[in-house]
Amino acid sequence: IFMSTIKRVNVAKRLSDMAVFNNVAYLAGQVADDVTQDVTGQTAQVLATIDKLLAEAGTDKSRILMAQIFVANMKEFDGMNKAWDAWVADGNAPPRATIEARLASADYKVEIVVTAAI
């Protein structure tokens with residue numbers, strides 16, 4: 001039986017930023033580095049981080065299979081979408097779910113998880 005190896009990126013004790021297996025990249029939930037930004041700014045930061053991780057895996061946003069977006073306050077849904085709509089690949093908008101959730105820090109306004117084909 002052939003067993004593919006799992007590649008993990010930015011491995012810490014608790015989690016990795018990404019695992020790659022069988023030509024699929026699985027990203028952990030990504031949050032903003034600069035939490036002083038509004039939801040649009042935080043979303044743009046998260047999407048830039050996702051771009052970097054996907055590039056490291058040899059893929060890009062046009063190959064996202066599924067996105068899960070967690071917002072701390074659904075009243076900020078439009079602000080999150082402003083950054084998302086400017087970023088998402090034309091003609092390749094992935095299936096997506098957006099959920100209001102209490103995030104790990106009260107300073108986080110958005111957390112995004114994606115899975116992408118390589």
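We now turn to the structure provided with this report. Owing to the predicted nature of the structure, the values given are computational and were not obtained by experimental measurement.

### Regarding the sheet that holds strand E2 (residues 18-21)
For step 1, the next point in the chain: The strand order across the open sheet built from 6 strands is E1-E2-E3-E6-E4-E5, with neighbouring strands paired in mixed fashion. Edge positions in the open sheet fall to strand E1 (7-9) and strand E5 (96-100), since each of these has one partner strand only. Between one strand axis and the next, the sheet turns by 15° as a mean value, whatever way the strands run.
For step 2, the next point in the chain: The pairing of E1 with E2 spans 3 bridges and is classified as antiparallel. Looking at the pairing, Arg-8 lines up with Ala-19 of E2.
For step 3, the next point in the chain: Each of E1, E2, strand E3 (24-27), strand E4 (64-71) and strand E6 (110-117) is contacted by helix H1 (residues 39-57), which is oriented at about 25° to E6, the strand it contacts most.

About the criteria used
- Residues numbered from 1 in each chain as written.
- Predicted model: local features only at pLDDT ≥ 70, side-chain atom pairs only at ≥ 80, totals over all residues.
- Heavy atoms only, no water.
- Pairing = 2+ DSSP bridges.
- Helix = DSSP H or I, 4+ residues; strand = E, 2+ residues; numbered from the N terminus.
- Axes fitted to C-alpha atoms, helices over the stretch in contact; angles between N-to-C directions.
- Contact = heavy atoms within 4.5 Å.

Coordinates in, geometry out; function isn't part of it.
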